[in-house]
Amino acid sequence: MKRKFFSLMALAAALSVSGEVNYQVVPLPQRIELDKTAQTTLLIKGQAVSYPAENAQMRRNAEFAREFLGLVPTPEQPSKKKSKKQQSAPVALTLGLQSEKPDAYQITVGKQGVTIQGASESGVFYGIQTLRKSIAAEPGDTVALPWAIVCAEPRFLYRGTMLDCARHFFPLEFVKTYIDILALHGVNKFHWHLTDDQGWRPEIKALPDLARKASYRPYTIVGKNIGLADPANTIYDDTPEQGFYTQAEMREIVQYAAERYITVIPEIDLPGHMVAALSVYPELGCTGGPYFVRPYWGIDPDVLCAGNPKTLEFIKTVLGEICEVFPSKYIHIGGDESPRTRWKTCPKCQAKMKEKGYTQEAQLQSDINKEVEKFLTSKGRELIGWDEILEGGLSENATVMSWRGFKGGIEAARQHHRVIMTPTNHCYIDYYQLKNHDQQPLAIGGYLPLSKVYEMEPIPGELSEEEGKYILGAQCNLWTEYVASPDHAMYMLLPRLAAITEVQWLQPEAKNFEQFTGRLSNLQRVYRKACYKYCATYE
Ligand code: ACM
Ligand code: ZN
């Protein structure tokens with residue numbers, strides 16, 4: 001033990017100590033109070049990091065301190081009186097910070113060493129991430145940390161990011177990397193878009209053909225051809241796209257995310273975006289098919305038949321298994337872009353409208369949502385849907401994800417429904433991030449530069465203070481029609497994710513784009529260290 005201590009000291013002396021750390025990370029802490037004496041404490045690789053021995057999450061946090069800071073986890077026994085020799089380790093992870101926000105943390109660097117204290121275990125985790133980002137620019141095994149108090153607590157409870165694994169399948173290892181990236185930035189909700197017209201990804205044991213067959217498409221449209229506007233000139237790539245996640249794999253993701261204080265919110269998009277499922281269960285469509293897993297993009301007119309009682313049976317079977325795999329309180333049921341054209345001419349749908357006395361097809365969708373909500377409530381869960389679920393009337397407890405601008409979110413908040421803001425013009429990171437398209441891979445369109453993400457304000461001014469409380473948070477979305485590889489996905493995500501996390505963590509008056517871009521260069525060092533691809537220029 002002693003020998004190790006001396007060798008560490010020798011190592012510390014031998015290495016140059018730069019002392020450049022200033023704790024200016026992304027997302028920016030609320031308070032960075034540097035000690036006036038300008039003294040520093042050395043953080044040395046191989047040093048001990050103590051944690052409450054009986055707390056498994058804190059033990060896991062100490063392992064993160066090993067991974068990100070090079071420290072050695074050392075359980076602290078609270079019951080025994082410490083001898084002089086057993087004084088607190090130079091770095092300590094502790095709980096007990098007074099804050100209403102469980103994610104709050106305080107890092108204290110001083111004579112006693114370094115303490116990372118959280119209001120809960122998640123707060124400690126965010127403190128570790130902040131320290132990791134603070135020292136990212138420092139070379140060598142020893143860093144001089146200026147004495148300081150650094151504190152933060154997030155503005156919003158819901159800090160989300162979505163990944164579409166239906167349009168293109170992303171392997172489990174990359175889903176974990178994606179979660180690592182979210183954790184680095186202080187995101188706490190991973191919205192996993194699992195089903196769509198172009199592929200079904202989650203294994204449903206009672207309906208094995210969904211994973212076996214609907215997770216495969218033999219080829220995909222080439223280029224920017226949305227839909228089949230010009231079939232004669234449509235080119236396909238001859239490359240099969242396939243893959244699904246077994247329930248064991250999805251549980252692995254849930255566990256992996258939970259260790260990083262991230263909840264996985266699965267999305268089963270219904271009643272539209274269901275053609276992959278219809279391809280194996282054509283009786284659930286209004287026309288009876290045949291249907292095939294779509295090899296092109298766009299909104300498909302074929303959706304689940306709202307007049308067929310088997311549709312609800314199907315939905316309940318799927319969601320029942322989804323609830324078993326995903327412990328999340330929220331289950332996302334999509335609801336977007338579901339044309340009602342087939343319902344207008346379907347005898348079953350029309351009979352149902354008549355039976356219920358409905359005057360608009362939108363009420364059929366609302367009817368499905370209400371049934372689904374009842375089912376989810378019976379499992380102790382709550383429903384989230386895209387803002388189309390407002391049409392025809394919201395089910396009682398629905399949370400609305402506002403994507404077609406802020407309007408749907410405003411309407412829902414005024415009806416006292418919870419809202420997550422994810423408007424296309426600030427949050428759709430499948431859009432181009434630079435004006436000059438030649439510098440970037442093909443994207444779906446649009447233009448969403450870093451600055452536009454950064455300037456988003458999730459609580460619209462037209463809401464009263466009371467209504468504003470219904471805005472749970474914000475989220476950015478990565479749809480993957482044109483994103484087929486992990487490297488490309490990271491390029492679309494970074495650094496725009498960094499901008500949305502300052503929206504999620506900071507009070508509006510603390511935001512400053514110029515200063516943010518200064519801090520971003522340090523964050524990019526973390527990206528490079530972790531081999532994360534990112535867009536190196538920004539507008
Ligand atoms: C969506 O972008 N269709 C929710
Ligand atoms: Zn129908």
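It should be noted that the structure appears before, not after, this text.
The structure displayed is predicted, hence computed values, not measured ones.

Draft legend 1. Here's a closer look at the overall build of the protein chain. Of regular secondary structure, the protein chain possesses 18 helices and 21 strands. Projected onto its principal axes, the C-alpha positions of the protein chain cover 80 × 50 × 45 Å. Across the 539 residues of the protein chain, 58% fall into the buried class. Restricting to contacts in the protein chain with at least 6 residues of sequence separation, those with at least 24 account for 72%. Just so you have it, the protein chain exposes about 22,200 Å², and 52% of that area is on carbon and sulfur atoms. Charged side chains in the protein chain number 60 positive and 62 negative. The centres of these two groups are separated by 7 Å.

Draft legend 2. Structural context of the packing of aromatic side chains. Per the stated rule, a full pass over the model turns up 25 aromatic pairs. With 5.0 Å between their ring centres and 70° between their planes, Phe64 and Phe125 make a pair best called edge-to-face. Of this pair, Phe64 sits in helix H2 (residues 56-69) while Phe125 sits in helix H3 (residues 121-134), and the two are 61 residues apart along the sequence. Of the aromatic side chains, those joined through ring pairs into one cluster are Phe169, Phe170, Phe174, Tyr178, Phe190, Trp192, Tyr245 and Phe326. The ring of Phe68 carries Arg132 above its face, with NZ or CZ at 3.9 Å from the centroid. Across from the ring centre of Tyr256, 3.5 Å away, lies the NZ or CZ of Arg260, which sits over that ring.

Draft legend 3. Inspection of the pattern of salt bridges at higher detail. Enumeration over the complete set of coordinates arrives at 32 salt bridges. Residue Asp302 is joined to Arg342 by a salt bridge in which the shortest nitrogen-to-oxygen separation is 2.6 Å. Here Asp302 is found in the loop between helix H7 (275-280) and helix H8 (309-325), whereas its partner Arg342 is found in helix H9 (residues 341-345), with 40 residues between them in sequence. Among the residues examined, Asp302 registers a relative accessible area of 8% and is labelled buried. On the basis of relative accessible area, Arg342 is assigned to the partly exposed category, the value being 27%.

Draft legend 4. Structural context of unusual backbone geometry. Note the cis peptide between Gly289 and Pro290, where omega equals 5°. The residue Pro290 is located in the loop between H7 and H8 in this model. Of note, the bond from Leu494 into Pro495 is cis; its omega dihedral lies within 30 degrees of zero at 10°. With respect to the secondary-structure elements, Pro495 resides in the loop between helix H16 (486-493) and helix H17 (496-505). Unusually for a residue other than glycine, Tyr23 sits at a positive phi of about 65°. Mapped onto the elements, Tyr23 comes out in the loop between helix H1 (2-14) and strand S1 (31-34). Residue classification places Tyr23 among the buried residues on the basis of a relative accessible area of 0%. Of note, Ala38 is a non-glycine position whose phi angle comes to about 60°, a positive value. The residue Ala38 is located in the loop between S1 and strand S2 (40-44) in this model. We classify Ala38 as exposed; its relative accessible area is 63%.

Draft legend 5. The arrangement of H16 in detail. Across the 8 residues of H16, 6 count as buried, placing the element largely inside the fold. Contacts made by the buried residues of H16 are with strand S10 (158-164), helix H4 (172-185), strand S21 (471-478) and H17.

Draft legend 6. Looking closely at the coordination of the zinc ion (ligand 2). Bound to the zinc ion (ligand 2) are the protein donor atoms Cys286 (SG), Cys305 (SG), Cys346 (SG) and Cys349 (SG), situated 2.3 to 2.4 Å from the metal. Relative to the metal, the 4 donor atoms surrounding the zinc ion (ligand 2) lie at angles of 107 to 113°, and the coordination shape comes out tetrahedral. Considered as a linear motif, the donors of the zinc ion (ligand 2) on their single chain read C-x18-C-x40-C-x2-C. Linking Cys286 in the loop between H7 and H8 with Cys305 in the loop between H7 and H8, this pair joins segments that are 19 residues apart in sequence. Residue Cys305 is classed as buried on the basis of its relative accessible area of 1%.

Draft legend 7. How the structure looks around the nonpolar core. Grouped together as the largest cluster of nonpolar side chains are 163 residues, with contacts concentrated most on Leu145, Phe190, Trp192, Trp200, Leu210, Tyr245 and Phe314. Apart from residues no more than four positions distant in its own chain, Trp192 is found in contact with Leu163, Cys165, Val175, Tyr245, Met250, Ile253, Val264, Ile265, Pro266, Glu267 and Phe326.

Draft legend 8. Quick peek at the packing of H4 against H17. With their axes 10 Å apart at the nearest point, H4 and H17 run at an angle of 45° to one another. As judged from the angle between their axes, H4 and H17 are oblique. Here H4 and H17 pass one another in a crossing that is right-handed. Within the contact between the two elements, H4 uses Ile181, Leu182 and His185 and H17 uses Leu497, Ala498, Thr501 and Trp505. Residue composition of the contact of H4 with H17, by class: 5 nonpolar, 2 polar and no charged.

Draft legend 9. The arrangement of the sheet that holds strand S3 (residues 48-52) in detail. Taken in spatial order, the 7 strands of this open sheet run S1-S9-S6-S7-S5-S3-S4, and their pairing is mixed. Edge positions in the open sheet fall to S1 and strand S4 (72-76), since each of these has one partner strand only. If you compare each strand with its neighbour and ignore which way they point, the axes differ by 15° on average. Examined bridge by bridge, strand S5 (residues 91-95) and strand S7 (residues 113-118) share 5 bridges and lie parallel to one another. Within S7, the position partnered with Val91 by the bridge is Val114. H2 contacts S3, S4 and S5 of the sheet and is inclined by roughly 165° relative to S3.

Calculation criteria
- Starting from 1, residues in each chain are numbered consecutively following that chain's sequence as written.
- Lettering for chains starts from A, numbering for ligands starts from 1, and both go in the order in which the items are written.
- pLDDT decides what is reported in this predicted model: residues at 70 or higher carry local features, side-chain atom pairs at 80 or more are listed and counted, and totals for whole chains, interfaces and linings draw on all residues regardless.
- Only hydrogens and water are removed before side-chain values are computed, so all heavy atoms of the structure are retained for them.
- Per the convention used, a helix needs a DSSP run of H or I reaching at least four residues, while a strand needs a run of E reaching at least two, with both numbered from the N terminus.
- The cut-offs for exposure are 20% and 50% of the maximum accessible area for each residue type, with area from a 1.4 Å probe on protein chains only; residues under the lower value are buried, those over the upper are exposed, and the others partly exposed.
- Any two residues having at least one pair of non-hydrogen atoms within 4.5 Å are treated as being in contact.
- Each accessible area value is a Shrake-Rupley result obtained with a 1.4 Å probe; residue values ignore everything except the protein chains displayed when judging cover.
- In this charge count, Lys and Arg are treated as positive and Asp and Glu as negative; neither His nor the chain ends contribute.
- Every charge is mapped to an atom, namely NZ of Lys, CZ of Arg, CG of Asp or CD of Glu.
- In summary, the pairing rule links any two rings of Phe, Tyr or Trp, Trp by its six-membered ring, whose centres are within 6.5 Å, and it sorts them by plane angle into stacked for under 30 degrees, edge-to-face for over 60 and tilted for everything else.
- Charge over a ring is defined by NZ of Lys or CZ of Arg lying within 6 Å of the ring centre and within 35 degrees of the ring normal.
- In the sections that follow, a salt bridge refers to a side-chain nitrogen of Lys or Arg positioned within 4 Å of a carboxyl oxygen of Asp or Glu.
- In this analysis a donor is any N, O or S atom within 2.8 Å of a metal ion (3.2 Å for sodium, potassium and calcium), and since water is not included, sites may seem incomplete.
- Note on geometry labels: four donors, all angles 85 to 135 degrees, give tetrahedral; four donors become square planar and six octahedral when opposite donors are over 155 degrees apart and every other angle is between 65 and 115; remaining cases are irregular.
- In these notes, a set of buried Ala, Val, Leu, Ile, Met, Phe, Trp, Tyr and Cys residues joined through side-chain atoms within 4.5 Å is what counts as a nonpolar core.
- Here, axes are lines fitted to C-alpha atoms. For helices the fit covers the stretch in contact, and angles between N-to-C directions go from 0 to 180 degrees.
- Any angle that is under 35 degrees is reported as roughly parallel, and any over 145 degrees as roughly antiparallel; angles of 65 to 115 degrees are reported as roughly perpendicular and all others as oblique.
- Take the far helix as the reference: if the near one is turned anticlockwise from it by less than a right angle, the crossing is left-handed, and if turned clockwise, right-handed.
- Here the term charged refers only to Asp, Glu, Lys and Arg, the term nonpolar to Ala, Val, Leu, Ile, Met, Phe, Trp, Tyr, Cys and Pro, and the term polar to all other amino acids, Gly among them.
- Here, any two strands with at least 2 DSSP bridges between them count as paired.

Coordinates in, geometry out; function isn't part of it.
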